[in-house]
Every structure is written in structure tokens, then in C-alpha cells.
Amino acid sequence: MRRILLLTVDDGLADVVRGICRRHSFELTVLDRPPAAEAPKEYFDLVLMDTRPAPTSTLAFNDISAITLHRTASIEAGRVVAMSHYEPLVGRMTGFVSGASGYCRIHPFSGSCEPMLCERLTEAILDSFSLPEYKRIDFHDAFPDRDFYRQVFESIQIPIVIIDSEGTIKLMNLRALARFNYFTQMVINRSWLMLVAPQDRGKRAEDFLVRSSGGYFYEGTLRCVDRSGKEFPGLIASSRVFAPMHESDMLIILAINDLTEMEGLQRQVTTFQRMESMERMVAGLTHEFNNMLTAILGHAELLMQDLPQGTDLHDSARVICQEAERARDMTARLLGLSSSRQFVPGRVSCNEVVRETQILLRHSLGDTVRIETHLMESGDAVDGDASQLRQVLVNLCLNARDAMNGKGVITIRTSVREVTPEGCGPHQDWNPGVFVEIGVQDQGCGIAPEVIERVFEPFFTTKPDGAGTGLGLSVVRGIVRTHGGHVAIESKVGQGTSVMVRLPQREALGEETVHVDEKPPTAAPVGKGACVLVVDDDRAVLTYAQKALQRAGYKVRMATHGLLALDIFEHHRDEIALIILDLTMPGTTGRDVLRSLRQMDARVPIMICTGFAHGGVDDDLLNQVQGFIKKPFRPDDLIEQVGEMLLAAKEE
């Protein structure tokens, strides 16, 4: 049985700990003061020490070190948990300095017992038992070289100021000297108030020094001022150390953070999080649009198959199909703007990417911005992801618009450029070769030479505060590098900027001529009479898939959610020849259903269906299925894939 010692003068706290020990079969001893040092040694698996200041208690953090570090007390403990009302960070740090292996925050001594105290104490006790016994490791034993400590102090990238209890500056690290713009000789042995703004040099600074001297750790805010008189809000974390060799016997270490910089970083992080939320929202809406477009396009195609050509109704159905396809292309472009989308390589025409982006930006750039294109006739093919390349062009065009204050001409050119090893110059990430170059030129304000090297850094922006995220060009560079290419930029102040995106040219292949008929021939069904289970939470999609499959001679069973699909498959396993499974469903997701289906039958052919394209489908998932179809899909696309999967299963 594990033994616990509770040191406290609070009877209410003792009752709470007794209840915890009864539930977990721990042996508890409660004392209101540590035993005398000359008393017989007694071992406890855990000591809980209540270090809250109280008129009737002498228990303090200093008592912990007697038990754990110096072992001068009559108590031996494997673990010690300090309990106090300090904030968790301060209390935990103070406890660790004193030798405690854990910390639990409890209510102030004069306050009432908190409802959640029992749960927090239980967690602290059980966590402590999961830790090994406390053993102090002396840092100085590992690094006895005095010069090493000096290097560590100077290399800390937070301004650190060391003062004595009177507020006299004894030392500043290099970051502090740089932030306040002083030399060491200017600050040593001078008052720390020279770093505090005039309005805070009175009672606020005095109170801060008193609080810093009175406890191991303290944190507060003061207005700071540098050598030039420029003020900034400072978040100052202080810690107290004892220095027997120093005349004041105590030193205070101040770590000073500029709240202006921290707030700016927080704004950038918030903006980035907002962008991620927008991307997730766009992806979700696109999926819903694709569900609707699947039903619209599918039913319109079925109407075209039933209506005689040349009639008004047939023409109306054809117009519905054409408009649904335009909407499908637009949602695909929107989905492609998501930076979380995976890289899906394929043959891409850079000229076509430019044309599609021009259409996509028609309403975003405004009436006062015009795009001019100069596209080469051939040789514009690259290996890449068309959606990601569209995102590159969108970012560059929006940057160009902002540089021109929403008025002017953006020129986009495509050409072939050969980069020699000498042309790579100092750029270590550039590779020589033949590239297709997409150039975006604006008539804007240009970029100053001293900052042009920083434009690809994340969060760096030349736009006014609050007008840009600083992510556009860093995203562009990241996408282009994943395509094996590189980005070059040229700019002159007042004369505009040119950004050249270079992508490795794809070797010329014979162009295939594709003849598009107004009404493509209906795919011949394979495996006629086979039963197909369709799983989708959208009833309009289910109805459309049912009609298309039944027209091709298949039997269809439908399920509107995953649990129903599993139940149908369990009772009709011998009948079902193929399963079409939607990935995105409420409750039990398509991934969960797929995992359960594979446990029930590892060989049944499964086709996954989604409106997210391959970007939402990882390779591990694709390896578990035999087919993939993206919404929206035509009836003939569905019938063709079902036939191919059934034929492949039959041959196996």
C-alpha cells in the first residue's frame, strides 16, 4: 500500500485528501508541521505540502528542499507535490526550484474550497506516482566551465537584465543592450529606472521591485524606454537568485519582452488561423456544391438520353448540362486555392492555367485593373498540379493589383527559358535546365532594393500594417519548389515589379486530338444484373445513381448512412457485387465504414466517391479500394467505372 503524507493546517483540505485516499486505497498521514529533524527517519511514497501563507503555519517552499534536496528533515520521500494559490506557471517553477516533483494550484487560504479541487488533486497524486523518484541533477557538474555560462547568457534571444535588490544594473546580455541601444559601460552600476518610461518610474516601478525581491518569481508589465526615448510596453518576468559572493547577497533577473512585437506576431498568427478557417469553409462548401451539381448534371444527362434530339426540351437539357459543367469547373478552381491540398501531378498547359486564372479573377481585380496576356504557341506543358499553379497566379495577380492601388495593367507572359549552371548564381535551390516561364508584371510602386531579398519570408510584407498577411509570396515559392522550379523577382521603385515563375518543361509529346460529340455514346454495361450498394447521405445523389445504374441493367440497394450500409451488406453479402461509398457523411464517416467493410470482406470491390478530389484522399485510403470517382460525375462515367471494376473482379 502506498503511503502519503499531507502537511497542512487546513482541516478542509485534509478531508478532501482523505476521501481521495479512501477511494484509491492509499495510507494517509496528516501533520500540521514537519517532524523535528532529530526524529526517526520515516519514508513516504508521496508528500503533499500545503505551502500557502497562513498565520498558524510555518510550512513553506523552503521546507521542501529539506526533504528532497538536502534531506535534513526526518522525512524521506520519493516525490513531493507542492500546493499553493500561485498561478500554475509561477507555482510550478517555485516548486521545482525547491525540489518538488509536482505542483497543484488550490484556493487561497481564506477562500472557500473549490468544486474541482478533488479532481485536480487526484490527477496530481496519480501523475506523481507515474514519475520516477526525484533526483536532482546539478547543471554545473555537467558544464563546469565558467565561460560556457557566459556564452549561454549572451546567446539568449530575450533581453535579460540582472539587477540587485536596490535596482542597480549589474549585467545585461547582448540582446538587451541591442534592444535598448546601449553599450555595457553606459548601464553598469546605474539605476534600472533608466530602462523604465518616465510615467512608470514612481510607485509602479517601486512596487515591481518589491514584488520581485519578495518571491522567487514574479511577472508584470511596465512601460519601457530605449536610449533614443522611444517607449514600448514591456512584459517583464523576474526571478530571484541568491549570490553569496555578491555584496547584496541577492540578484534579480529580469526577462523583458516587447509586447508590441508579441501583439504583432499574435495578429499574424490570428490572420493565418483565419485563413485556414476560410480554406476549410471553402472546401466544405465546395463539397456541398458538388453534391448538388452531381444531381443536377446527372438528371439533366438522363433527360438528354430520353428526349429526341432537335427538340426544345432536348436543347434545354443540354443547356442545363453545360451550365452545370461550368459550375463544376468553378468549384474545382475554388477548391484548388486551398493550401492544404495535396500535390496531384499531371500534364498541365501553362497557357491554359493563365486563361483559367484570368476568368477566375474577372470579378476579383475590379473594373480598373486589366490583364494582358502574351502566350507562346507551343511548348508550354509542364508536370504539375493545375489547381496549385492557378493558386500561384492568383496570389501574384492580387499582389500586383495591390501594388498598383487597384488601377493599371497586369501583363502575363509565357515563354521558354534555359537556365545554365552559371545562371543559377548564388541560389542554392535553383537547378539548371529548360523551363517554362510565367511572368507577371505590374505597373505598381516597386520594391526597395534593401527589402527585395526578404519578400519570400513568411509573414514579411511591404504593405501597410493590417493590409497584408505576408504569406502570399512564401506560398508561391513553396508551391513552385514542390514542382521542381524556382521564382525570380525584379523590381525598381516607381517602375513596377516582375515575378518570373519557372517550371521544368515537359518533353514534347504527340498531341492527341479529342473529338467532342454533343452526345457521347452510352457506355456498354458490364456485369448486367449485378447488385450495387450505393452509400451516400444526399438523397438526390442516391436517386440519380440509382436511375443511372438501373438503366444500365444493374440492381441497386441504397443506404443513407454508414450503419445502415453495414447492416445491408451483412444481410446481403452474397448478393452485393460492388459498393459505391461516399467519404463525407455525418456520424459514421466513409473511412470508418470502409474499415468495417474490409473487416467483414477483404475482397469486395469498393469505389469511393467524394466532392473533395484527390486532395482529400490519401494514398493509404486509395490502396484499400478498387476505384475512385469525383463528384459531379456523368452517368456514363459511373457506368464505365462500375463495368471496369466488375470486369477486373471477374478476371481475378
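So, a few notes on the structure that sits alongside this text. (Residues numbered from 1 in each chain as written. Predicted model: local features only at pLDDT ≥ 70, side-chain atom pairs only at ≥ 80, totals over all residues. Heavy atoms only, no water.)

1. Brief notes about the sheet that holds strand β2 (residues 27–31)
Think of a sheet as strands paired side by side through backbone hydrogen bonds, with each pair either parallel or antiparallel. Keep this limit in mind: Pairs of strands are assigned from DSSP output, requiring at least two bridges between the strands. Secondary structure follows DSSP: runs of H or I at least 4 residues long count as helices, runs of E at least 2 residues long count as strands, and numbering of each begins at the N terminus. Lines are fitted to the C-alpha atoms to define the axes, a helix being fitted only along its stretch in contact, and any angle between axes, read from their N-to-C directions, falls within 0 to 180 degrees. Contacts: residue pairs with any heavy atoms within 4.5 Å of one another.
The five strands lie next to each other as β2-β1-β4-β6-β7, forming an open sheet whose pairing is parallel. On the outer flanks of this sheet lie β2 and β7 (102–105), each paired with one strand and no other. Taken pair by pair, the neighbouring strands of this sheet meet at an average axis angle of 20°, ignoring direction. Where strand β6 (residues 80–84) lies against β7, four bridges are found, and the strand directions are parallel. Across the sheet, residue A82 finds its bridge partner in β7, namely Y103. Each of β1 (3–7), β4 (46–50) and β6 is contacted by helix α2 (residues 61–68), which is oriented at about 175° to β6, the strand it contacts most.

2. As for the pairing of β2
Using the following cut-off: Crossover handedness is defined by viewing with both strands directed away from the observer: a clockwise path from the first strand over the helix to the second marks the crossover as right-handed.
Bridging between β1 and β2 involves five bridges; their strand directions are parallel. By the bridge assignment, L7 is partnered in β2 with L31. Following the backbone out of β1, through helix α1 (residues 11–24) and into the adjacent parallel β2, one traces a crossover that is right-handed.

3. Some thoughts on the packing of helix α16 (residues 539–551) against helix α20 (residues 635–651)
Let me state the cut-off plainly: Helix crossings fall into two classes, left-handed where the near helix is turned counterclockwise from the far one by less than a right angle and right-handed where it is turned clockwise. Polar here means any residue other than Ala, Val, Leu, Ile, Met, Phe, Trp, Tyr, Cys and Pro, which are nonpolar, and Asp, Glu, Lys and Arg, which are charged; Gly is therefore polar.
It is at 10 Å that the axes of α16 and α20 come closest, and there the two elements cross at 65°. Seen along the crossing, α16 lies across α20 with a hand that is right-handed. Here Y544, A545, A548 and L549 of α16 lie close against α20, whose contacting residues are P635, L638, I639 and V642. Partitioned by chemical class, the residues of the contact of α16 with α20 number eight nonpolar, no polar and no charged.

4. Some words on unusual backbone geometry
Put simply, the rule is: To sort residues, take the accessible area from a 1.4 Å probe on protein chains only and compare it with the maximum for the residue type: under 20% means buried, over 50% means exposed, and anything in between is partly exposed.
Following K631, the chain continues into P632 via a peptide bond in cis, with omega recorded as -10°. By the element assignment, P632 lies in the loop between β24 (627–630) and α20. Positive phi, close to 65°, is recorded for N189, a residue that is not glycine. Relative to the assigned elements, N189 resides in the loop between α8 (184–187) and α9 (203–214). Among the residues examined, N189 registers a relative accessible area of 52% and is labelled exposed. At N405, a residue that is not glycine, the phi angle is positive and equals roughly 55°. Relative to the assigned elements, N405 resides in the loop between α13 (386–403) and β16 (408–419).

5. Digging into the pattern of salt bridges
Short version of the rule: By definition here, a salt bridge exists when the distance from a side-chain nitrogen of Lys or Arg to a carboxyl oxygen of Asp or Glu is within 4 Å.
Under the defined criterion, the tally for this structure stands at 26 salt bridges. Across the pair R355 and E352 runs a salt bridge whose closest N-O atoms are separated by 3.4 Å. With R355 and E352 both in helix α12 (residues 350–360) and three residues apart, this pair spans about one turn of that helix. Bridged by salt links that share partners, the residues R3, E27 and E42 form one connected network.

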